[in-house]
Amino acid sequence: MKRFYILALSILPVAALGQTEPKQDMTQFGIEDLMKFEVTTASKGAQSLSDVPSAIFVISEDDIRRSGAGNIPEALRLAPGVNVSQIDANKWMVSIRGFNNRFADKLLVLIDGQSVYTPLFSGVYWDAHMLPLNEVDRIEVIRGPGGSLWGANAVNGVINIITKKTSQTVGGAFTSEVGSDTKENVGMRYGGKFSKDAFYRVYANIFASSALDILPGKPGPDDWQSIQTGIRIDKGLDTDHHFMFKTDVQTEHVGQRYTRPTLQAPYSQTLEARYPVSGINSILRWEGTEGGRTHSLQISFTHADRDAAPDLPELRDTIDVDYQTQLKKVGRHALTVGAGYSYSADSTAVGVVNFAPSSYKETLFSAFLRDTVEVARDIKLQIGSKLEHNPFTGWEIQPSAQLLYTPNEQRSYWCSLSRAVRTPSRGDISSEFDAAVIPGNPPTILEFIGNPALASEEVISNEIGTRFTLKDTTFLDFTAFFNEYKKLRSYEPGQPFFDTDHVVVPFFFGNKRSAQTAGFEVALKTRLKPWWSLDASASLFSERMRLSSDSGDNIGLYTSDGRGGASRQQYQVHSKMDLAHGIEFDNSLYYVSALINGVVPAYYKLDSRIGWSPNSNLEFSVGVRNALKPSTLQAGEAAFETAETIPRSIYLKMTLKF
Amino acid sequence: MTFRLTRVWIIALLLFGGARAYAVDREHQLKAAFIFNFAKFIEWPGGLGDSGSPFVIGVYGTDTYGQELEQALGGKNIDGHPIIIEEIHADSSVHRCRLLITGANTEERISQLVRLSKTSGTVLIGDAPDFARMGGTVGFGISSGKIRFDVNLLTARADSVAISSRLLGLARSVIR
């Protein structure tokens, strides 16, 4: 008893200090933003517990800062159900609910509503989006099909990275990080006002990270230098109309090790490459409200130059136009309708993967309708569908229905049934690459060949979930899902043939694989003491892949997309303490069980951080990432890419606002 | 045993009392910011007067806001009109305020205030449940742990103040 008393007394002064954090000037926010703040928070950020009948998880800016994550893919670990593996210094594989590999293709990733995956392989080059983390307001992660709203490729989920409004970033900010792994990461941002309701912001960020060691003391080619700059302007045209423009420009040098098969012994060679990449992303958005009806029109443009990459050299320009309107509520019905158009033109060069034709232009049309019906005071039904036309499979329909029951403000229950598709990518249709060589006399090349008749992959997803808030300080979220996939990509062998001095076995892309996945995710956010918050989550996952009886595929199940690079169990705990004198002490512990494809054993990852803010404009922090082991392997097999072990690293960081 | 329990309770109260104070603080900080935003979306009959003339926010019959309003809005201005936070003690002072934060929580009292505010276009803002439904202009509420507001457009019209449709679009409910 005595000990308890002393412990409690020693905590008290700290607890008292916890509440005297510097007060934020809330008047800088607009009403939309103010409405997102929680009054009695389990977490300090604008956690959205809103009435969404899907498994949504919001990673706030504060969550990211205190996790010690140094970039966006690392920050995505914070959400339950998300699979993140670092491949080398500049590459990650990220997916939701399984099917993970470097070109994870069942996920839609948006930055401010602009899609950033390449239609070439439907994958995301994470290195090309090194948005400084202090630009990010929040990341919304929606697990489960977002197809009825977002369209094709949102098969397993949507990641929407939302940057801050310029009205939130008046003044300057300077950040600098140095460390053993990240050599330097220096950023400067300045925001201000043109007039009463027109704000701007500009930023520039320079980043360099060291190459990872292939063998102790022998660094590989994957060092990485990147410069990214951007500008954003928000202008209120009048009280009811709003205009936004932003552009991000990035140029980088990345390196990688990759393996390609050869006809001579040892029948494969590992090569190294260093090459430049650059890109431009621009968005023009107009939003308005008229008599209870809101509309938005967004036009966005992407230019991506990866022409010098050794594996999938590509030059691409994309224009997207999206219109959405939320009609005035009529009776019990609130309708949202939208339409979209996308045009993407590419030009590919000779690489590990080759494309025929080498350049291609594709056009997409889509429209969606969603009706939110207030069935009763506390029951809402959401039904809707997206209709999309693509050049490869024509029209695709992706309907969904969700039911939400909110008996009171502390509790909600939801269930959802949806169909989503992954339409074939340009690569599925027209790529060609040598996957492996079987030694022999003559040697045999296994050649993968795209199939213009390929159909879309389909999923029927069943989800059920509940969320509740206990005593204003604890938030809990449970979700369970069962997904049935059909027509997944398989590799069907064709007739072998001789080619001068070797045999070629062609494998044509087919649709003869199916899968069932099931899982359970639970997330908890709690404030144990005014000065101590604890966030935790557990994600359980299982999958079963099957080939249909008429499939001749005898290698697909061994490829990275055949046996997912996901794990059956992922657990994480984040402890965030506000100690006296503006000191923060934060620890994040992750457990990731062995990848299902067996190539990576289970691992723990501990990231720790101590932060100190002598005043509200200055912050210093020191931290360690991957603290538990000198190095950890996270990814085993990553298309055309050799995975490296990820070392323990330390860093020092400073943020100054002026 | 009783003695031990008492100690535990005292400690618990100290800890959670702290947490509670923190939460209330924050709620009123946020509400102050909402009020500041409301002022920007409301047009008063005859405008805000000569430039430099004060924009008076009255606090009447409630002390739940404490220092939060003064701290959050003191020194700020609306279109060049410096914000003055004034504690109101009599019905006769209501007309001096552009916005009136009131603790009124009965239909009878609210309709009294509505009558008093008619000529001056004073906008009534309150925390009481169903404040707007009972005739108050803007009533705060909390849904799923977040601040929401309801607007009574009938009262606003009677006061001849114009409320931007953008603000109405964000309201949880609009009584019209």
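Residues numbered from 1 in each chain as written. Chains lettered and ligands numbered in written order. Predicted model: local features only at pLDDT ≥ 70, side-chain atom pairs only at ≥ 80, totals over all residues.

A word on the overall build of chain A
Regarding its fold elements, chain A presents six helices and 39 strands. Overall, the C-alpha framework of chain A stretches about 80 × 65 × 55 Å when taken along its three principal axes. Evaluated residue by residue, chain A yields a buried proportion of 45% over its 658 residues. Pairs at least 24 apart in sequence give 62% of the contacts found in chain A among residues at least 6 apart. (Helix = DSSP H or I, 4+ residues; strand = E, 2+ residues; numbered from the N terminus. Buried ≥ 20, exposed ≤ 12 C-beta atoms within 10 Å, placed from the backbone. Contact = placed C-beta atoms within 7 Å.)

A short note on the overall build of chain B
In terms of helices and strands, chain B carries five helices and ten strands. Per-residue burial for chain B yields a buried fraction of 40% across its 176 residues. For chain B, the proportion of contacts with a sequence separation of at least 24, taken over those separated by at least 6, is 58%.

Topic: the pairing of strand β4 (residues 81–88) of chain B
On a regular strand, one side chain projects to one face of the sheet and the next to the other, so that they alternate. All names here are of chain B. Relative to β4, strand β2 (residues 55–60) runs parallel, the two being bridged by six bridges. The residue of β4 that forms the bridge with V59 is E87. Direction of pairing for strand β3 (residues 77–78) relative to β4: antiparallel, over a ladder of two bridges. What sits directly across from N77, in β4, is P82. The turn joining β3 and β4, which pair antiparallel and follow one another in sequence, is formed by two residues; a positive phi near 50° is taken by D79. (Pairing = 2+ DSSP bridges.)

Structural notes on the nonpolar core
Nonpolar side chains in soluble globular proteins generally cluster together in the buried interior. Ranked by internal contacts, the top residues of the largest apolar core, which has 70 residues, are I59, A75, L76, V94, I139, V141 and I159 of chain A. At five residues, the largest contribution of residues to this core is made by strand β1 (residues 55–60) of chain A. Other than its neighbours up to four places away in sequence, I139 of chain A contacts I59, A75, L76, I159 and I161 of chain A. Ranked by size, the runner-up nonpolar core spans 47 residues in total, among them Y65, I83, I85 and F131 of chain B. (Core = buried A, V, L, I, M, F, W, Y, C linked by C-beta atoms within 7 Å.)

Focus on the sheet that holds β2 of chain B
Within a sheet, neighbouring strands are paired by backbone hydrogen bonds and run either parallel or antiparallel to one another. All names here are of chain B. Taken together, eight strands build an open sheet; the order of strands is β3-β4-β2-β5-β6-β7-β8-β10 and the sheet is mixed. The open sheet terminates on both sides in strands that have one partner only, identified here as β3 and β10 (173–175). Bridge count for strand β7 (residues 138–143) against strand β8 (residues 146–152) is six bridges, and the pairing is antiparallel. Following the sheet pairing, F140 is matched in β8 by F149.

Focus on the confidence of the model for chain A
Residues and elements named next belong to chain A. Here chain A averages 86 in pLDDT, and 91% of its residues register 70 or above. A low-confidence stretch, residues 1–23 stays under pLDDT 50, and its non-local contacts, those more than four residues away or across chains, total 24 contacts. Below a pLDDT of 50 lies the segment residues 40–50, which in the model reaches 37 contacts outside its immediate sequence neighbourhood of four places, other chains included. (pLDDT = per-residue confidence, 0-100.)

Description of the sheet that holds β1 of chain A
With mixed pairing, the five strands of this open sheet are ordered in space as β1-β6-β7-β4-β5 (chain A). Since the sheet does not close on itself, it has two edges, and those belong to β1 and β5 (114–115) of chain A, each with one partner.

Observations regarding unusual backbone geometry
Residue and element names in this part refer to chain A. The omega torsion of the bond from A265 to P266 falls at 5°, within 30 degrees of zero and hence cis. Its place among the elements puts P266 in the loop between β14 (241–261) and β15 (268–290). For the bond running from A356 to P357, omega is 0°, close enough to zero to count as cis. Residue placement: P357 occurs in the loop between β19 (353–355) and β20 (359–376). The phi dihedral of F99 falls on the positive side, at around 55°, and the residue is not glycine. Mapped onto the elements, F99 comes out in the loop between β3 (91–96) and β4 (108–111). What makes F99 buried here is the crowd of 28 C-beta atoms within 10 Å. The phi angle at Y267 is positive, at roughly 70°, despite the residue not being glycine. Looking at the element boundaries, Y267 is found in the loop between β14 and β15. Y267 sits in the partly exposed class, given 16 other C-beta atoms within 10 Å.

Let's talk about the pairing of strand β17 (residues 314–326) of chain A
Residue and element names in this part refer to chain A. Looking at chain direction, strand β16 (residues 293–306) and β17 are connected through 13 bridges and run antiparallel. Among the inter-strand pairings, S300 is bridged to a residue of β17, identified as D320. Taken together, the 13 bridges between β17 and strand β18 (residues 333–348) define a ladder with antiparallel strand orientation. Bridge pairing in β18 links V321 to Y341. Hairpin connection of β17 to β18: six residues between the antiparallel strands, including G331 at a positive phi of 60°.

Description of the confidence of the model for chain B
All names here are of chain B. Across chain B, the average pLDDT comes to 80, with 84% of residues at or above 70. Helix α1 (residues 2–41) is the least confidently modelled element of chain B, averaging 64 in pLDDT, while strand β6 (residues 123–126) averages 93, the highest of any element. Under a pLDDT of 50 for its full length, residues 13–23 has, in the predicted model, 15 contacts with residues more than four places off or in other chains. This complex was scored by the predictor with a pTM of 0.76 and an ipTM of 0.75.

Digging into the environment of F620 of chain A
All names here are of chain A. Within the secondary structure, F620 is located in strand β34 (residues 618–625). When the C-alpha atoms of F620 and I583 are compared, they prove to be 9.5 Å apart, with 37 residues separating the residues in sequence. Apart from the residues within four sequence positions on either side, F620 is in contact with G611, W612 and M654.

Section: the environment of M26 of chain A
Residue position: M26 of chain A is located in the loop between α1 (2–19) and α2 (31–34). Spatially, the C-alpha atom of M26 of chain A lies 45 Å from that of L595 of chain A, the residues being 569 residues apart in sequence. Excluding residues within four positions of it along the chain, M26 of chain A makes contact with L34 of chain A together with Q29, L30, A32, A33 and A72 of chain B.

Comments concerning the environment of I125 of chain B
Residue and element names in this part refer to chain B. For I125, the position within the fold is in strand β6. Considered as a pair, I125 and R26 are 99 residues apart in the sequence and their alpha carbons are 18 Å apart. In contact with I125, not counting residues within four places along its chain, are I35, L99, L100, I101, T137 and V138.

Digging into helix α3 (residues 107–117) of chain B
Residues and elements named next belong to chain B. Of the residues making up α3, those classed as buried are I110, L113, V114 and S117. Along the axis of α3, the buried residues cluster in a sector spanning 105°; they form a single face. Tucked inside the fold, the buried residues of α3 contact β5 (99–102), β6 and α4 (153–158). (Arc of directions from axis to C-beta.)

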